[in-house]
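# Notes for the structure review
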Amino acid sequence: MANQITFCFAVVFASVYLYATGQFAPMHLSDPLGPQAFPRLLGIGLLLTAVGLLVEVLRARKSRIAAAEGKTSGEGRYYAVVVGATIWTALYFAAFEWLGYAISTSIYLLAMMSYFRRGKWTSNGLTSVFYSFGSYLIFTRLLLVSLPAGLLPF
Amino acid sequence: METLNHILNGFAVALQPINLWYTLVGCFLGTVVGVLPGIGPAASIALLIPVTYGMNPASALIMLAGIYYGAKYGGSTTAILIRTPGETSSVMTCIEGYAMALKGRAGAALAVSAIGSFIAGTIGVIGLTLFAVPLASMAIEFGPAEFFTLMLFAMTAVASLTGSSLPKGLFSMFLGLMLGTVGIDLQSAYPRYTMGVIELQEGISFVVVAVGLFAVAEVLQGLEMLVRGTAPDVIRISGKLLLTREEWRRSIGPIWRGGVLGFVIGVIPGAGSTIASILSYNMEKSLSKHPEEFGEGAIEGVAGPEAANNSDTAGALVPLLTLGLPGGAVTAVMMGAFIMYGIQPGPQLFKDHPEVVWGLINSMYVGNIMLLILNLPLIGLFVRLLYIPRAMLYPLIVAIAAIGIYSVNGSVVDLYMLLFFGVAGYLFSKADIPITPLVLSLVLGDLLEQSFRQAMTLSDGALGIFFGSRITVILISLTALSLLWPLFASRIKALRG
């Protein structure tokens, strides 16, 4: 299945890329090839690679039955956790400037640790808060790295 | 004579107190990231680049290189104690090192790993010192066509040798090159594939891509392992951290052979330290008078691969420093760091910035001594890191990555891209697509395109320029060979049964 998706992605991506390259305005001022020549080669190269991927897909068909036998049930639960962690990380980044680094990081860490390390409320809470505020002060005050203050007054 | 002066001057740079401090910091961080799961040297170096912007380039590069070779030392600790390679190059150490640990000889396995790494690391740096200048002098004659074919060879070799299938390697390589074309074209100032997003005009930051693909993707994989309950147990260090006379006698030959082999393999683009350690393991097994002991805790199976794995680091720096050609993920990130500090690796580096390049090379002699100290008497300290709950570690890595990425441009768009590439890296691992060709191509993409266009301008658009000299013909032949190699390899395998 992964090979088929990779093949489809390669074909679609190369086609879109080549289409976008074809929309470039012609420019021959300083360079006879222009900005589109090299990308065109890349698009064609990816399409040729897609042919190689297709060969792998066709070869893999033979061993599909064996692969299906090896599959275990309940895999979706593990992937759901990864999807959940990804969405939570996206929300963390969305709140990064608005809430500020220290507050958003505290909330992010606390939620992640609470889920993956259940029952250790004290150490999860202390680690989240001390790490977030400690690293905020170290980076902004000592290393002079710019991080968003957000709702914090400092 | 001039080179000798530069070398001596390089020692003066490397031995400055501030640079000794940065060597120590780099080696310490390298050992830590080597021991810790979830963040390898490529991601660590990429993350630290923004923090080192204001630093002297020599000091910054000395520290980043320390992370690179320090991680190789740390990687063996997890291989021996939890049968998980901290770095993929420690994969062979998992077999023999872990078997030794089960027999109560974890101390000896860690000791031979550290001593072997020290000796081989030093062999590698001597090789780097000896071969760097002659190779750079040769490469100074290279024109755009030679550079284009050289980079093409490096990229196809990496695409061919990393991962399980050539099409997947090439897929990764083309995606990297395509990502490299996003932004304003350097020759015509034409904005390409920016979709009106101002942040994309300067191109896609390789730091964002590298940290996303290496760190965030690793975190997502780690979280999946955590819920699957497949995290390994730690074996406590047992036995003295000293080798017996017999163990020393059995180890010294493999260390020397592994040191030389690792350096040679390191020079070849794409081969990498994992291949070096596997070759060393197989060589020691075939040379051993007791091959039946392999798999049961043969010390030669730790000494040789660990030596090869460490001297490979210095070998990999040879093409990077002399030709501007990274052969793997970490050297690609290192090259990105050089460029960010305004230094172009390549033949001119030894003429234009001798203090930087020789300071960096000579700091590695000092760094290897520091690592020996860190990894023998202080090994117990690093082992404590293995007890940090991974459920705490993984979210912390994301928070550290957010600091590193946000501090570059102060842009949340970069954070979204970080997550995007993290998810992409996770999906790549699920589809068994190697990420090293992508990162390497992203770093080399601009140079490859510029060389191609310069060569075509020189030849008035005739492709014959890429077959016009002996060097380009050899490099084109090597490129073709690297593309055909998987086919040959599978035929040979089939013939052998």
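Only a predicted model underlies this, so the values are computations on that prediction, with no experimental measurement involved. Per chain, the residues get numbers from 1 upward, laid out in the order the sequence is written. Chains carry letters from A onward and ligands carry numbers from 1 onward, assigned in written order. In view of the model being predicted, local features appear only for residues whose pLDDT reaches at least 70, and side-chain atom pairs are presented and counted only at 80 or more, with totals across whole chains, interfaces and linings using the full set of residues.

Only DSSP runs of H or I covering at least 4 residues are called helices, and only runs of E covering at least 2 are called strands; the numbering of each starts at the N terminus. Secondary structure summary: chain B contains 20 helices and two strands in total. Taking 497 residues into account, the globule formula puts the C-alpha radius of gyration at 23 Å, and chain B, at 22 Å, falls close to it. Seen along its three principal axes, the alpha-carbon backbone of chain B occupies a region of about 70 × 55 × 50 Å. Field definition: a residue is buried when 20 or more other C-beta atoms are found within 10 Å of its C-beta, exposed when 12 or fewer are, and partly exposed for counts in between, with C-beta atoms placed from the backbone. Out of the 497 residues belonging to chain B, those deemed buried represent 60%. A separation of at least 24 residues holds for 79% of the contacts in chain B among residues at least 6 apart in sequence. Atoms considered for the radius of gyration are the C-alpha atoms alone. The globule rule reads 2.2 Å times the number of residues to the power 0.38. A pair of residues counts as a contact when their C-beta atoms, built from backbone coordinates, are within 7 Å of each other.

Time to look at the overall build of chain A. Scanning chain A from N- to C-terminus turns up seven helices and zero strands. Taken from N to C terminus, the helices and strands of chain A fall in the order α-α-α-α-α-α-α. A total of 154 residues make up chain A; the buried ones form 29% of that total. In chain A, 57% of the contacts between residues at least 6 apart in sequence involve partners at least 24 apart.

We now examine helix H6 (residues 106–139) of chain B. An α-helix turns once per 3.6 residues; consequently, residues spaced three or four apart project the same way. Residues and elements named next belong to chain B. By this rule the span expected of a helix is its residue count minus one, scaled by 1.5 Å. Along its 34 residues, H6 runs 46 Å from first to last C-alpha, staying within 8% of the 50 Å computed at 1.5 Å per residue. Two axes enter the definition of the bend at a residue: one is fitted to the seven residues ending there, the other to the seven starting there, and the bend is the angle between them. Of all the bends in H6, the largest measures some 35° and sits at Phe-131, one to four residues before the proline Pro-134. Of all 34 residues that make up H6, 24 are buried, and the element is covered over most of its length.

So, about the interface of chain B and chain A. Contact with chain B, which involves 50 residues of that partner, is made by 48 residues of chain A. Of all the secondary structure elements, the ones that give two or more residues to the side of chain B that touches chain A are helix H8 (166–180), helix H9 (206–228), helix H17 (390–409), helix H18 (412–430) and helix H19 (436–458) of chain B. Class assignment for the residues of the side of chain B that touches chain A results in 34 nonpolar, eight polar and eight charged. Just so you know the grouping, Ala, Val, Leu, Ile, Met, Phe, Trp, Tyr, Cys and Pro go in nonpolar, Asp, Glu, Lys and Arg go in charged, and all remaining residues, Gly too, go in polar.

This part covers the packing of helix H4 (residues 57–82) of chain B against helix H13 (residues 329–340) of chain B. Residues and elements named next belong to chain B. Lines fitted to C-alpha atoms define the axes, with helix axes restricted to the stretch in contact, and inter-axis angles between N-to-C directions lie between 0 and 180 degrees. Here H4 crosses H13 at 170°, and the two axes come no closer than 11 Å. The orientation of H4 with respect to H13, classified from their angle, is roughly antiparallel. Here Leu-61, Leu-64 and Tyr-68 of H4 come into contact with H13, specifically with Val-330, Met-334 and Ala-337. Its residues assigned to classes, the contact of H4 with H13 comprises six nonpolar, no polar and no charged. Angle categories: roughly parallel below 35 degrees, roughly antiparallel above 145, roughly perpendicular from 65 to 115, and oblique for all the rest.

Residue and element names in this part refer to chain B. The phi torsion at Tyr-193 lies on the positive side, around 55°, for a residue other than glycine. Take Tyr-193: it is sitting in the loop between strand E2 (191–192) and H9. Backbone geometry at Asp-432 places phi at a positive 60°, although glycine is not the residue there. Looking at where Asp-432 falls in the secondary structure, it is placed in the loop between H18 and H19.

Here pLDDT means the predictor's own confidence in every residue, given as a number from 0 to 100. Counting all residues, the mean pLDDT for chain B is 86, and 96% of those residues have values of 70 or more. Note on the complex model: pTM 0.83, ipTM 0.91.

Our next topic: the nonpolar core. To form a nonpolar core, buried Ala, Val, Leu, Ile, Met, Phe, Trp, Tyr and Cys residues must be joined through C-beta atoms within 7 Å. In this structure, Ile-45, Met-151, Ala-210, Val-211 and Val-439 of chain B are the most contacted members of the largest nonpolar core, which totals 199 residues. For this core, the element with the most residues is H6 of chain B, which contributes 17 residues. When residues of this core are assigned to domains, at least three fall in each of domain 1 (2–70) and domain 2 (75–142) of chain A. Discounting chain neighbours no more than four positions away, the residues touching Val-439 of chain B are Gly-176, Val-209, Ala-210, Leu-213, Ala-329 and Ala-332 of chain B. Where each domain begins and ends follows an automated or database-derived domain assignment.

You can see Gly-445 of chain B is positioned in helix H19. A C-alpha to C-alpha distance of 7.6 Å links Gly-445 of chain B and Gly-176 of chain B, two positions 269 residues apart in sequence.

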